[in-house]
Amino acid sequence: MPEVEDEEELTDNPEEESSELPEDLRLELTALCRKFSTRELKDRRYELRRARQKRFFWRGIQHLVWNNDSQAMVTMPMGATTPAGGGGTDQPSFQRAFNIYTPYGRAFCATFTGNQPATRFEPSDPTEDIDIRAAACANKFRKIYEKWNPPKLMQQEMGRLFWTDDRVVLWTRWEQDGERFGYNKDGNEKGQAVTTCHGVLEHKCPITISDVHNFVYQKISIDLDIATLKEKYPDIADQITDGSQGTMDDAFARNARIATAEGTTLLSEGGDALAHLSSLDYFWLRPAAYTMLDDQYRDQLREQYPRGIRLAFVGDVFAEAIAGSMDDELRVFHATAGDGQNRNGLGDWIVPVQEELNNLMNMTQEYFEYGIGEELSDNQIWDSDADQDRRAVPGGRQTVVRPSGTPLADCFYTRTGTEPPELLIRFIEYLQGPLAQFLSSQQAAIYGESDKHNETAKGIALLRNQALGLVGLVWMPFTQGWAEVVHQAVKATSAAKVGKISTLVPVQGRKGSTEQVDIDTEDLKGNILSTPETDENFPESWTEKSNKLMGLLSDSEKNPALASIMQLPANQQLLKMAFGLDELEVPGQAANDKQLAEIDDLLLTGPTVDPQTGQPTSTIPIDPDFDDHAAELEAGKRWVVDPEQGQKIKRENPAGFMNVRLHLLLHKQVVDQAQAQQQQQAMALKHGAPAPVDPEAQAAKQLLVKDAADAIQQLDTIGHIPPAYTGGTVTGQVSALKEILDAGVKVSTNG
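Every value quoted in this text rests on a predicted model; they were computed, and no experiment measured them. (Residues numbered from 1 in each chain as written. Predicted model: local features only at pLDDT ≥ 70, side-chain atom pairs only at ≥ 80, totals over all residues. Heavy atoms only, no water.)

A.B. asks: Hey, could you run me through the environment of Asp-250 in this one?
C.D. replies: Tracing the backbone shows Asp-250 in helix α8 (residues 248-262). Between the C-alpha atom of Asp-250 and that of Ser-279, which follows or precedes it by 29 residues, the distance is 8.5 Å. Not counting residues up to four positions away in its chain, the partners in contact with Asp-250 are Ser-37, Lys-219 and Asp-281. (Helix = DSSP H or I, 4+ residues; strand = E, 2+ residues; numbered from the N terminus. Contact = heavy atoms within 4.5 Å.)

If you want it as structure tokens, here you go:
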């Protein structure tokens, strides 16, 4: 396929327009959002303190003390005194962090990102053409969305926040950004559906309510440079000042966000970051929130924003109001099941283990540093004052006066040093090993480690599967939620009304390969459902899948049925990926991919009518000369009989299925003709009869003979006929050429 330029044609301006609200209504909404900001203030500060502490732990900053005066977590140099609640707390001499909190969290992230979630769209009503078309278009759009929002990167960030915060919210919306997405031919900025990830420090919601559908409000805060905010909101640029913030609760959360982002040693000092940054607060309000306003404002908002409103504030300055439902833009995830919204992160139970481990490891270090035995000497032979002035060098020499009759060794004595107890060492090993693994659900079997009862390969695999089953407690709800996020992206793109989108996307599993995806956002207007494509209990890494494929390939040598399965182009493509050889060519894979791509396009509409015959025909013709008809027909057959593909589409989209069927019948017609001709040739050779003459080959032969005779006649006229082997006549020359052509046609026919 020729290279296609990444192009998007915008047929409408998809920019979200901020509604102009009367000044009095703006003031009412500002006051309402301020009330929501100060709700559950004590509970909010408690969850902020917990999340901030664990994010510091992730950074390796783990000797923390809460300072009531500065309302911040602080750490001081070793041996210093930190004021805590008005008193003084002497810190131990050693405050080194022996971080196991982050490695265990990274191990979880590695397992969590081992597999990419897949989403499938289905029509809400399988009898409605608009729903069928929307589902087919959404399945193609998913590839475009994942190009700009790589799921693996999102999983990595979500895994970190699952470990530290527990609560994670994904915000999906349409964004116009020429610097990120480019510009169209008219110079307008292109846009895409964008999803961003936020944790507890950035997200505020009703803490005591478990069901997000009962949330009256949600809030996301982002700290940006004031120059960025002034460019984003030029109408209020003169009101945006350094360090703009809202309520006192906003300042508390803001300090936590900036401190963890900076990773400073003195955590209470925000420094210059507090000056040049301003907080951008987004509020989502359900229509139920309107009941807290006077009747006149309530009615106006219900008429203008019937499904909800999204508000933006820079500090306490009203910036914009946009129609937006939190159900269409926000999706809240939790790492653990529980009550309310302030739940334990996956790494919470490691925090006390980490603190105790740090204390014991520092204590052990003190044993080594201060437990070295002192050396005593006789003051009559050793000048202590001179020893202070002596320069210590390797292999140095010192003179002493040895008392007569006394061995020099008897003049010195070294006290016995202090060693850490063996019980302390064993307890440290227990803390950082078995206990931490049990509390974090990160069993050693995940890393391939065995135990004394299971040292065989199968035993280790069984232990690993059991350990991964615990990860499934996070994986299963995540895949459900991710399907909703991709659905939100479909809604945002449909509402943007950008018309046709044509772009190149990477082909999964084929390094460096791309395919062109074309959609029309008008086709996304329909009622569709999104579901995870798999119901795995835990994510399986590609390495594990590769090992299984290699095992199947080895077993196929002795199993003909398995060998036939491994011959399928799709399975051979998996083997190519398992080998890690992108240069390896798989027979029939190109034709297989071509046919599946054509099926996606055929499902978008029903058959057309042939104007010559009046019969229905496929909207995509075949190429009789260059298509690999047999391979494409086989790919189509597998699709048709697949219960989750062809058979399901047959029920839900009969017109699209008929379009695919007619296309495959064209391939079948060519294949049947070739097979019939081969059978005729085989029968002719078997009975000794002359092979049937191909009409096209016979016509071509006659045309060549005629052209040769004409050419020879012209050459003879001018006297340039080679006489050899022809008898020197035109008739002989033509006869010789005819014999050559007959022989060539015979060879081509028999071959």
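A.B. asks: Can you walk me through the sheet that holds strand β7 (residues 168-176) in this structure?
C.D. replies: Two modes of strand pairing occur in sheets, parallel and antiparallel, and in both the strands are linked by backbone hydrogen bonds. Spatial ordering of the open sheet is given by β8-β7-β14, a layout of 3 strands whose pairing is antiparallel. Because the sheet does not close on itself, it has two edges, and the strands there are β8 (191-198) and β14 (330-333). For this sheet, the mean inter-axis angle between neighbouring strands, taken without regard to orientation, is 20°. Bridge analysis of β7 against β8 gives 8 bridges, and the strand direction is antiparallel. (Pairing = 2+ DSSP bridges. Axes fitted to C-alpha atoms, helices over the stretch in contact; angles between N-to-C directions.)

A.B. asks: Just to check I follow, could you spell out the pattern of salt bridges for this structure?
C.D. replies: In the structure shown here, the tally under the stated rule is 30 salt bridges. As a salt-bridge pair, Glu-122 and Lys-648 come within 2.2 Å of each other at their nearest N and O atoms. With Glu-122 in strand β6 (residues 119-123) and Lys-648 in helix α21 (residues 646-652), the pair connects residues that are 526 residues apart, well separated along the chain. A salt bridge links Asp-295 to Arg-298, with the nearest nitrogen and oxygen atoms 3.1 Å apart. Separated by 3 residues within a single helix, Asp-295 and Arg-298 lie in helix α10 (residues 295-304), roughly one turn from each other. Assessed through its relative accessible area of 48%, Asp-295 is described here as partly exposed. Among the charged side chains, a salt-bridge network with shared partners connects Lys-594, Glu-598, Asp-627 and Glu-632. (Salt bridge = Lys/Arg side-chain N within 4 Å of Asp/Glu carboxyl O. Buried < 20%, exposed > 50% of the residue type's maximum accessible area, 1.4 Å probe, protein only.)

A.B. asks: Explain the packing of helix α19 (residues 589-602) against helix α20 (residues 629-641) here, please?
C.D. replies: The description of two helices packed together rests on the angle between their axes and the distance between the axes. Running from N to C, α19 and α20 point in directions that differ by 50°, and their axes come no closer than 8 Å. By the angle between their axes, α19 is oblique relative to α20. Viewed along their axes, α19 and α20 form a crossing whose handedness is right-handed. Contacts between α19 and α20 involve Ala-591, Asn-592, Lys-594, Gln-595, Leu-596, Glu-598 and Ile-599 from the former and Ala-631, Glu-632, Ala-635, Gly-636, Arg-638 and Trp-639 from the latter. The class makeup of the residues in the contact of α19 with α20 is 6 nonpolar, 3 polar and 4 charged. (Parallel < 35°, antiparallel > 145°, perpendicular 65-115°, else oblique. Left-handed = near helix turned anticlockwise from the far one by under 90°. Nonpolar A, V, L, I, M, F, W, Y, C, P; charged D, E, K, R; others polar.)

A.B. asks: Would you mind going over unusual backbone geometry with me for this structure?
C.D. replies: Residues apart from glycine generally show negative phi values, whereas peptide bonds are mostly found in trans. Of note in the backbone geometry, Asp-166 takes a positive phi value of approximately 80° without being a glycine. Take Asp-166: it is sitting in the loop between α5 (151-164) and β7. If you check the backbone angles, Lys-497 has positive phi at about 55° while not being a glycine. By the element assignment, Lys-497 lies in the loop between α15 (457-496) and β17 (500-506).

A.B. asks: How should I be thinking about the nonpolar core in this particular structure?
C.D. replies: Here is a general trend for soluble globular proteins: nonpolar side chains tend to be buried in one another's company. Within the largest apolar cluster, 60 residues are counted, with the highest numbers of intra-cluster contacts made by Phe-108, Met-158, Phe-162 and Leu-170. For this core, the element with the most residues is α15, which contributes 11 residues. If we skip the residues at most four places from it in the chain, Met-158 touches Val-168, Leu-170, Cys-197, Phe-333 and Phe-478. (Core = buried A, V, L, I, M, F, W, Y, C linked by side-chain atoms within 4.5 Å.)

A.B. asks: Mind showing me how you'd approach helix α4 (residues 129-148) here?
C.D. replies: Every α-helix carries 3.6 residues per turn, so stepping three or four residues along brings you back to the same face. Helix length check: α4 (20 residues) gives 29 Å between terminal C-alpha atoms against 28 Å at 1.5 Å per residue, within 8%. In the structure, α4 departs most strongly from a straight axis at Lys-140, where the bend amounts to approximately 30°. (Expected span 1.5 Å × (residues − 1). Bend = angle between axes of the 7 residues up to and from the residue.)

A.B. asks: Which parts of the structure should I look at to understand the confidence of the model for the protein?
C.D. replies: In low-pLDDT segments, the atomic positions of the prediction should not be examined closely. Per-residue pLDDT for the protein averages 80, and the proportion of residues at 70 or more is 74%. Here strand β1 (residues 7-8) stands out as the least confident element of the protein, with mean pLDDT 40; β14 is the most confident, with 97. Between residues 723-727, whose pLDDT stays under 50, and residues either more than four places distant or in other chains, the model counts 4 contacts. (pLDDT = per-residue confidence, 0-100.)

A.B. asks: Would you take a moment to explain the sheet that holds strand β12 (residues 309-314) for this structure?
C.D. replies: Pairing in this open sheet of 5 strands is antiparallel, and the strands run β9-β10-β11-β12-β13 from one edge to the other. Taken across any chain shown, the strands that pair with only one partner, and hence form the sheet edges, are β9 (203-204) and β13 (317-323). Here β12 pairs with β13 via 6 bridges, running antiparallel. Paired with Arg-310 across the strands is Ile-322, a residue of β13. Helix α1 (residues 23-38) rests against β9, β10 (217-225), β11 (277-285), β12 and β13 of the sheet, and its axis sits at about 95° to β11.

A.B. asks: What am I meant to see in the packing of helix α3 (residues 101-112) against α5 here?
C.D. replies: Two numbers describe how α3 lies on α5: the axes approach to 9 Å, and their chain directions differ by 135°. One element, α3, and the other, α5, form an angle in the oblique class. Every pair of crossing elements has a handedness; the one defined by α3 and α5 is right-handed. From α3, Tyr-101, Tyr-104, Gly-105, Phe-108, Cys-109 and Phe-112 reach across to α5, where they touch Gln-155, Gln-156, Gly-159, Arg-160, Phe-162, Trp-163 and Thr-164. Counted by class, the contact of α3 with α5 contains 7 nonpolar, 5 polar and 1 charged residues.

A.B. asks: In this structure, what is going on with the side chain of Ser-618? I would like to understand it.
C.D. replies: Within the secondary structure, Ser-618 sits in the loop between β21 (616-617) and α20. The exposure class assigned to Ser-618 is buried, which follows from its relative accessible area of 8%. A distance of 3.1 Å separates a polar atom in the side chain of Ser-618 from the backbone oxygen of Ile-620. Discounting chain neighbours no more than four positions away, the residues touching Ser-618 are Leu-602, Thr-608, Asn-659, Leu-662 and His-663. (Polar contact = N/O pair within 3.5 Å; in protein donor to acceptor, adjacent residues only side chain to side chain.)

A.B. asks: Honestly, the environment of Ala-563 in this entry has me stumped. Any pointers?
C.D. replies: Inspection of the secondary structure puts Ala-563 in helix α17 (residues 560-566). The exposure class assigned to Ala-563 is partly exposed, which follows from its relative accessible area of 24%. As a C-alpha pair, Ala-563 and Leu-552 span 11 residues in sequence and 8.8 Å in three-dimensional space.

A.B. asks: Which parts of the structure should I look at to understand the packing of aromatic side chains?
C.D. replies: Aromatic ring pairs: the centre-centre distance and the angle between the two ring planes describe each pair. In total, this model carries 21 aromatic pairs according to the counting rule given. Both rings, one in Phe-112 and one in Trp-475, keep their centres 6.0 Å apart while their planes meet at 80°; by these two values the pair is edge-to-face. Here Phe-112, found in helix α3, pairs with Trp-475, found in helix α15; they are 363 residues apart in sequence, far enough to count as distant. For Trp-475, a relative accessible area of 1% puts it in the buried group. Ring geometry for Trp-148 against Phe-181: centres 5.1 Å apart, planes inclined by 85°, an arrangement best described as edge-to-face. Placement of Trp-148 in helix α4 and of Phe-181 in helix α6 (residues 178-181) is noted, with a sequence separation of 33 residues between them. For Phe-181, a relative accessible area of 8% gives the class buried. Each member of the aromatic cluster is reached from another via a ring pair, and the members are Phe-57, Tyr-101, Phe-108, Phe-112, Phe-141, Tyr-145, Phe-162, Trp-163, Phe-333, Trp-475, Phe-478 and Trp-482. (Phe/Tyr/Trp six-rings, centres within 6.5 Å; stacked < 30°, edge-to-face > 60°.)

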